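These are the residues of each chain, in order.
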Amino acid sequence: MTSPRERVIEDYLLAQCRAHGFLCLKFVSPARGGVPDRIVVALGRVVFVEVKRPGGRLRKLQQLMHAKLRCHGAEVHVVDDMPGVDTFIAHLLQSPSD
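Everything in this summary refers to the structure shown in the same document. (Residues numbered from 1 in each chain as written. Predicted model: local features only at pLDDT ≥ 70, side-chain atom pairs only at ≥ 80, totals over all residues. Heavy atoms only, no water.)

## Some remarks on the nonpolar core
Then, in step 1: With 17 residues, the main nonpolar core has L13, V40, V49 and F88 as its most contacted residues.
Then, in step 2: Of all the elements in the fold, those that place two or more residues in this core are α1 (4–19), β2 (38–42), β3 (45–51) and α3 (82–93).
Then, in step 3: By residue number, the principal contributor to this core is α1, which donates five residues.
Then, in step 4: Those residues in contact with L13 that lie beyond four places of it in its chain are C24, R38, V49, V51, V85 and F88.
Then, in step 5: V35, F48, M65 and L69 belong to the second largest nonpolar core, which has six residues in total. (Core = buried A, V, L, I, M, F, W, Y, C linked by side-chain atoms within 4.5 Å. Buried < 20%, exposed > 50% of the residue type's maximum accessible area, 1.4 Å probe, protein only. Helix = DSSP H or I, 4+ residues; strand = E, 2+ residues; numbered from the N terminus. Contact = heavy atoms within 4.5 Å.)

In structure tokens:
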């Protein structure tokens, strides 16, 4: 269950993704804990996003899962405030050669 402050950040991420025409899917994996909250599909990229409350920290299981995903070549981001979401969106909008 997300905290109210985390929900605000997650809602902002969803709104920004929609505003740019990106898919922002809730990611739930009942058999595997620690998975990121969202999968963003944008401009030919598939990116995992963990949403935390401002100043929130990853749990150990989340750290391990993020490391596993990265070992398999996945892109994983953590956002914990609205400017962090804006930075993430700007990152997605950059062309691969930037």
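## Side note on α3
Then, in step 1: Between the first and last C-alpha of α3 there are 17 Å, a value that for 12 residues agrees with the 16 Å anticipated at 1.5 Å per step.
Then, in step 2: Turning to α3, its buried residues number three or more, namely V85, F88, I89 and L92. End-on, the buried residues of α3 take up no more than an arc of 100°, which puts them together on one face. When the buried face of α3 is taken as reference, the exposed residues oriented beyond 90 degrees from it are P83 and T87.
Then, in step 3: Near the N-terminus of α3, the side chain that reaches the backbone nitrogen of G84, with its oxygen 2.7 Å away, is that of D81. (Expected span 1.5 Å × (residues − 1). Arc of directions from axis to C-beta. Polar contact = N/O pair within 3.5 Å; in protein donor to acceptor, adjacent residues only side chain to side chain.)

## Observations concerning the pattern of salt bridges
Then, in step 1: Tallying each qualifying case throughout the model produces five salt bridges.
Then, in step 2: A salt bridge links E10 to R7; the nearest nitrogen and oxygen atoms lie 3.6 Å apart. Here E10 and its partner R7 are both found in helix α1, three residues apart, which amounts to about one turn of the helix.
Then, in step 3: The network of salt bridges with shared partners includes R7, E10, D11, K26 and R38. (Salt bridge = Lys/Arg side-chain N within 4 Å of Asp/Glu carboxyl O.)

## Considerations on the pairing of β3
Then, in step 1: For β3, the tally of buried residues reaches five of seven residues, placing the bulk of the element in the interior.
Then, in step 2: With five bridges joining them, β2 and β3 adopt antiparallel strand pairing. When the sheet's bridge partners are listed, R38 is paired in β3 with V49.
Then, in step 3: What sits between β2 and β3 in their antiparallel hairpin is a turn of two residues, with L43 showing a positive phi close to 50°.
Then, in step 4: Judged from the five bridges that link them, β3 and strand β4 (residues 75–79) form a sheet pairing that is parallel. Its bridge partner being in β4, V51 is matched across the sheet by V79.
Then, in step 5: Once the chain exits β3 it traverses helix α2 (residues 60–71) before rejoining the sheet at β4, and the crossover so formed is right-handed. (Pairing = 2+ DSSP bridges. Right-handed = clockwise from strand over helix to strand, strands pointing away.)

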